[in-house]
Amino acid sequence: MHVTTHALVLREADYRESDKILTLLTPGQGKITAQARGCRKRGNGLSAACQMLVWSEMTLSEYRGRWTVTEASVELEFRRMRRELELLTLGTYFAQVVSAVVQEDSLPEELLPLLLNCLYALDCTEKPPAQVKAAFELRSMALAGFAPMLEGCPVCGSNPPRYPQLNLTQGVLHCRDCAGGAGEGISLPVSPGVLSAMEHIINCPGRRLLSFRLDEMGMGELGQICEAYLLTQTERGYSALDYWKGLQADRI
């Protein structure tokens with residue numbers, strides 16, 4: 001079977017003398033693993049399209065459950081992002097998250113557009129990378145089925161909760177005084193402005209994902225909550241996130 005589709009490279013690994021094994025995210029087949037034969041040879045026509053975070057049109061051949069890239073034409077390389085290490089590291093983190101939450105041969109609706117839009121925001125806009133990161137983290141969790149419940153306190157019913165806190169494990173917003181009834185896990189306080197930003201990120205149309213504003217303190221709070229929530233819900237760490245944090249520490 002042959003399929004022509006668009007694909008984003010989420011992961012690449014050298015294989016044999018000149019091949020690569022790619023993890024691809026496609027609109028039709030979802031996340032798939034494909035072999036790109038000879039793509040590491042100098043002058044091979046597949047080379048450019050078989051790099052991390054490149055968006056291409058690909059022709060894929062499937063035989064006995066194994067996919068092979070037979071043709072590829074690059075459409076987006078995100079060149080600015082690739083030139084700036086911090087941006088490239090963030091983009092790699094986004095790809096690692098998507099690869100972790102998406103099962104083989106499946107794809108939650110809107111997760112591919114979210115990833116592409118966030119890569120575009122890093123590459124082509126002046127949006128603060130920390131804002132793009134927080135928005136991606138929370139929206140990706142919502143699209144993967146892990147949206148936190150922000151409507152009101154599940155313990156006492158107050159809406160909005162009094163002095164709200166988010167339980168990272170249970171994914172519920174609760175009153176500070178109701179923490180004991182919200183279930184096990186760490187809770188982080190959520191200020192009113194940050195709560196409004198979180199509601200926007202979860203519920204807004206995709207094209208308006210980054211159309212919210214917070215001051216520096218609010219953005220720092222949002223970033224802490226969204227990152228902690230993603231790490232708690234996915235129950236794993238991400239090497240690119242650790243590296244990005246190291247780059248941030250080096251700047252201080």
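Residues numbered from 1 in each chain as written. Predicted model: local features only at pLDDT ≥ 70, side-chain atom pairs only at ≥ 80, totals over all residues. Heavy atoms only, no water.

A. Up close: the sheet that holds strand β2 (residues 19-26). Strand order around the closed barrel formed by five strands is β1-β2-β3-β5-β4, with mixed pairing between neighbours. Going across the sheet, the axis of each strand differs from the next one's by a mean of 50°, ignoring polarity. Here strand β4 (residues 55-63) pairs with strand β5 (residues 66-76) via nine bridges, running antiparallel. Pairing of E57 across the sheet is with S73, part of β5. Along the sheet, helix α2 (residues 85-101) makes contact with β1 (2-15), β2 and β3 (30-36), crossing β1 at roughly 110°. On top of the sheet, helix α3 (residues 111-124) reaches β1, β2 and β4; it is set at about 65° to β1, its chief contact. (Pairing = 2+ DSSP bridges. Helix = DSSP H or I, 4+ residues; strand = E, 2+ residues; numbered from the N terminus. Axes fitted to C-alpha atoms, helices over the stretch in contact; angles between N-to-C directions. Contact = heavy atoms within 4.5 Å.)

B. Region of interest: the packing of aromatic side chains. Taken as a whole and judged by the stated rule, the model has three aromatic pairs. When the ring of Y93 is compared with that of Y238, the centres are 5.7 Å apart and the planes differ by 70°; the resulting orientation is edge-to-face. On the criterion of sequence distance, the pair formed by Y93 in helix α2 and Y238 in the loop between α6 (216-234) and α7 (239-251) is long-range, its members being 145 residues apart. The class of Y93 is buried, set by a relative accessible area of 0%. (Phe/Tyr/Trp six-rings, centres within 6.5 Å; stacked < 30°, edge-to-face > 60°. Buried < 20%, exposed > 50% of the residue type's maximum accessible area, 1.4 Å probe, protein only.)

C. Highlighting the nonpolar core. Grouped together as the largest cluster of nonpolar side chains are 60 residues, with contacts concentrated most on Y93, F94, L115, L166, M198 and L222. Of all the elements in the fold, those that place two or more residues in this core are β1, α2, α3, α4 (129-143), α5 (192-203), α6 and α7. Top contributing element to this core by residue count: α3, with nine residues. Listed in part, the 16 residues of the second largest apolar core include V9, L22, I32 and M58. (Core = buried A, V, L, I, M, F, W, Y, C linked by side-chain atoms within 4.5 Å.)

D. Summary view of the environment of E137. Assignment of secondary structure puts E137 in helix α4. When its relative accessible area of 0% is taken as the criterion, E137 is described as buried. As for E137 and C226, which are separated by 89 residues in sequence, their C-alpha atoms are 5.9 Å apart. With residues near it in sequence (within four places) discarded, E137 still touches Y93, G223, C226, E227 and L230. Of the polar contacts made by the side chain of E137, one reaches the side chain of Y93; its length is 2.7 Å. (Polar contact = N/O pair within 3.5 Å; in protein donor to acceptor, adjacent residues only side chain to side chain.)

E. Quick peek at the environment of A130. Among the secondary structure elements, A130 is positioned in helix α4. With a relative accessible area of 37%, A130 lands in the partly exposed category. In the structure, A130 is positioned 89 residues away from M219 in sequence and 7.6 Å away in space, judged by C-alpha atoms.

F. Local environment of the layout of surface pockets. Its boundaries defined by the atoms lining it, the largest pocket holds a volume of some 290 Å³. As for the largest pocket, its lining consists of 14 residues, and the residues nearest its centre are Q35, R37, R66, W67 and T68. Counting only elements with at least two residues in the lining of the largest pocket, the list comes to β3, β4 and β5. Class assignment of the residues belonging to the lining of the largest pocket gives a composition of five nonpolar, four polar and five charged. (1 Å grid on protein atoms, 1.4 Å probe; cavity = no way out; pocket = protein on both sides within 12 Å on 5 of 7 lines; lining within 4 Å. Points joined across faces, edges and corners; volume = space filled by probe spheres on them. Nonpolar A, V, L, I, M, F, W, Y, C, P; charged D, E, K, R; others polar.)

G. Structural context of the packing of α5 against α6. One way to put it is that α5 packs onto α6 with a least axis distance of 10 Å and a crossing angle of 55°. When the interaxial angle is binned, α5 and α6 end up oblique. Regarding α5 and α6, the two cross each other, and that crossing is right-handed. Where α5 approaches α6, its residues V194, A197, M198 and I201 are matched on the opposing element by G218, E221, L222 and I225. Class assignment for the residues of the contact of α5 with α6 results in six nonpolar, one polar and one charged. (Parallel < 35°, antiparallel > 145°, perpendicular 65-115°, else oblique. Left-handed = near helix turned anticlockwise from the far one by under 90°.)

This is a description of form; function is not addressed.
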